[in-house]
Amino acid sequence: MKRGSIFETDGVPRLVEALPLALQHVVAMIVGCVTPAIIVSGAIPNGGMSEADKVIFIQSALVVSAVSTLIQLFPIGGKRKFGIGSGLPVIMGVSFAYVPSMQAIAAGYGVATILGAQIVGGIVAIIMGLLIKDIRKFFPPLITGTVVFTIGLSLYPTAINYMAGGVGRPDYGSWQNWFVAFLTLAVVTGLNHFGKGIFKLASILIGIIVGYIISIPFGMVDFTSVQTAGMFQAPEFMHLGVEFEISACVAIGLLFAINSIQAIGDYSATTIGSMNRTPKDKELQNGIVAYGITNIVGALFGGLPTATYSQNVGIVTTTKVINRWVLGLAAVILGCAGLMPKFSALLTTIPQCVLGGATVSVFASIAMTGMKLVASAEMNYRNSSIVGLAAALGVGVSQASAALSTFPDWVTMIFGKSPVVLATLIAVLLNVILPKPREEKIKEAEYSKKVEEKLKKDREELN
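Report follows, based on the coordinates. (Residues numbered from 1 in each chain as written. Predicted model: local features only at pLDDT ≥ 70, side-chain atom pairs only at ≥ 80, totals over all residues. Heavy atoms only, no water.)

### Focus on the overall build of the chain
Link 1 in the chain: Helix and strand content of the chain: 20 helices and 2 strands.
Link 2 in the chain: The C-alpha radius of gyration of the chain comes to 22 Å, within 12% of the 23 Å expected for a compact globule of 463 residues.
Link 3 in the chain: Expressed as lengths along the three principal axes of its C-alpha atoms, the size of the chain is roughly 65 × 65 × 45 Å.
Link 4 in the chain: In the chain, which comprises 463 residues, the proportion classed as buried is 54%.
Link 5 in the chain: Of the roughly 20,500 Å² of accessible surface on the chain, a fraction of 66% belongs to carbon and sulfur atoms. (Helix = DSSP H or I, 4+ residues; strand = E, 2+ residues; numbered from the N terminus. Rg over C-alpha atoms; globule rule 2.2 N^0.38 Å. Buried < 20%, exposed > 50% of the residue type's maximum accessible area, 1.4 Å probe, protein only. Areas by Shrake-Rupley, 256 points an atom, 1.4 Å probe, with all protein chains shown as cover.)

### Details of the packing of helix α4 (residues 111–130) against helix α12 (residues 281–300)
Link 1 in the chain: Direction vectors running N to C along α4 and α12 enclose 165°, while the axes themselves pass 8 Å from each other. The orientation of α4 relative to α12 falls into the category roughly antiparallel. The two elements α4 and α12 meet at a crossing, and its hand is left-handed. In this structure, α4 contributes Leu-115, Gln-118, Ile-119, Gly-122, Ile-123, Ala-125, Ile-126, Met-128, Gly-129 and Leu-130 to the contact, and α12 contributes Gln-285, Ile-288, Val-289, Tyr-291, Gly-292, Ile-293, Asn-295, Ile-296, Gly-298, Ala-299 and Leu-300.
Link 2 in the chain: Here the residues of the contact of α4 with α12 are counted per class, giving 14 nonpolar, 7 polar and no charged. (Axes fitted to C-alpha atoms, helices over the stretch in contact; angles between N-to-C directions. Parallel < 35°, antiparallel > 145°, perpendicular 65-115°, else oblique. Left-handed = near helix turned anticlockwise from the far one by under 90°. Contact = heavy atoms within 4.5 Å. Nonpolar A, V, L, I, M, F, W, Y, C, P; charged D, E, K, R; others polar.)

### A short note on the side chain of Ser-95
Link 1 in the chain: Its location among the elements puts Ser-95 in the loop between β1 (92–94) and α3 (99–108).
Link 2 in the chain: For Ser-95, a relative accessible area of 10% corresponds to the buried category.
Link 3 in the chain: Polar contacts involving the side chain of Ser-95 include one to the main-chain amide nitrogen of Ala-97, which spans 3.0 Å.
Link 4 in the chain: Residues within four places of Ser-95 in sequence aside, it is in contact with Pro-36, Asn-259, Pro-305, Thr-306 and Ala-307. (Polar contact = N/O pair within 3.5 Å; in protein donor to acceptor, adjacent residues only side chain to side chain.)

### Some words on helix α11 (residues 246–275)
Link 1 in the chain: For α11, with 30 residues, the first-to-last C-alpha span of 42 Å sits near the 44 Å given by 1.5 Å per residue.
Link 2 in the chain: Burial within α11 is extensive, with 24 of its 30 residues counted as buried.
Link 3 in the chain: In the segment just after α11, Asn-276 is the residue with positive phi, at about 55°. (Expected span 1.5 Å × (residues − 1).)

### Brief notes about the packing of aromatic side chains
Link 1 in the chain: According to the stated counting rule, one finds 7 aromatic pairs in the structure shown.
Link 2 in the chain: On the numbers, 5.9 Å between centres and 85° between planes, the contact of Trp-175 with Phe-218 is edge-to-face. On the criterion of sequence distance, the pair formed by Trp-175 in helix α7 (residues 175–194) and Phe-218 in the loop between α9 (203–215) and α10 (224–228) is long-range, its members being 43 residues apart.
Link 3 in the chain: Given the relative accessible area of 56%, Trp-175 is considered exposed.
Link 4 in the chain: Summarising the aromatic geometry, the rings of Phe-237 and Phe-301 are spaced 5.4 Å apart at their centres and angled 65° between planes, so their arrangement reads as edge-to-face. Here Phe-237 is found in the loop between α10 and α11, whereas its partner Phe-301 is found in the loop between α12 and β2 (306–308), with 64 residues between them in sequence.
Link 5 in the chain: For Phe-237, a relative accessible area of 54% translates into the label exposed.
Link 6 in the chain: Judged by relative accessible area, which is 31%, Phe-301 ranks as partly exposed.
Link 7 in the chain: Put simply, the rings of Tyr-98, Phe-256 and Tyr-291 pair up and form one aromatic cluster. (Phe/Tyr/Trp six-rings, centres within 6.5 Å; stacked < 30°, edge-to-face > 60°.)

See below:
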């Protein structure tokens, strides 16, 4: 292996340079990677998962994220036209975008149904990757922004219930829970605004550590699961099972289609911000196809849906460190953590009020990211109607799901449990149906012309 700079894509940098940069990526994303698994396991009725299965669930989240990242960094088949993986410096992790729908599915059917729907979603992502050039036009920033904004809104009740201690727990709503939650939130917010360097990047992790320590004297932490957990264990094939239910497959499949388009934004932000170029068609296609394949395989090992992590994209574009071996080392560290049950068991001991206090800011940032995407389009009457109606009907119906009680169960599961699916369908349909102002048509024509010129240039370079 030849030596390389941390500011070059290829070549192996010195370990003394690579290790702290890799740890920076791990610290920035590890909490976000395991939290969806913790939330989904808590949504299962009748006591939820056993402690042993929770540990395996978290292990799978870490290991599958690590493997998905490595495939994106070092494509199977190399950087060929039809390889598997983008070859771009990105980090993959379990995505919050699926959490609202997964909570509904977990409550109604269980985790095995989520994993079955994830396999279908992976197939959808592969198709999206192969047809990406033809499908992109249906998901402009206005539409993806509306969807992301709705996802953020739908996660707020989860954060508030966690801050209160968790629905169904004897101490739900106690002052102790709120005290620890707000203390955690204060640390996260303070570091986000006043911290620098690693303290800002690791604000959520540091907030959880502080909240965790404060919660111990209140008797909120039980180390029994850590004591009984082993030192090493690989995720088990089909341990949590796989089941297919049509309504769950539709809901998750649509989210995979949306996230496939959303991934273009992260790939573009990475290349534009750190490489001074736009992503090539083959990088987008191979990256999204790999996203689909790794999620299919991940589901068989109990790993929840993964996606590109925007916070790590931010680190890459800020530091300009694009060396794939640096990010690969981060993935290896993540994978090693996932192979240690005691570490995963320790994560299950984090009180819900601490998680709520730490993640409410994450959910807020998701909603605001959606708002930024929406604001990138002109807020004329047409676009305001699309965003307003999609968010209103999506969130409104999910908050009053009893309004669909006379419909079949599959209708309630797809449209009534999570606002994301309904909001997406309404936004896409309105964007197609409602007439566009003449000025907007001219801008779109100019943009299409630029895209065609870029594609022509890329093809000439390949030839």
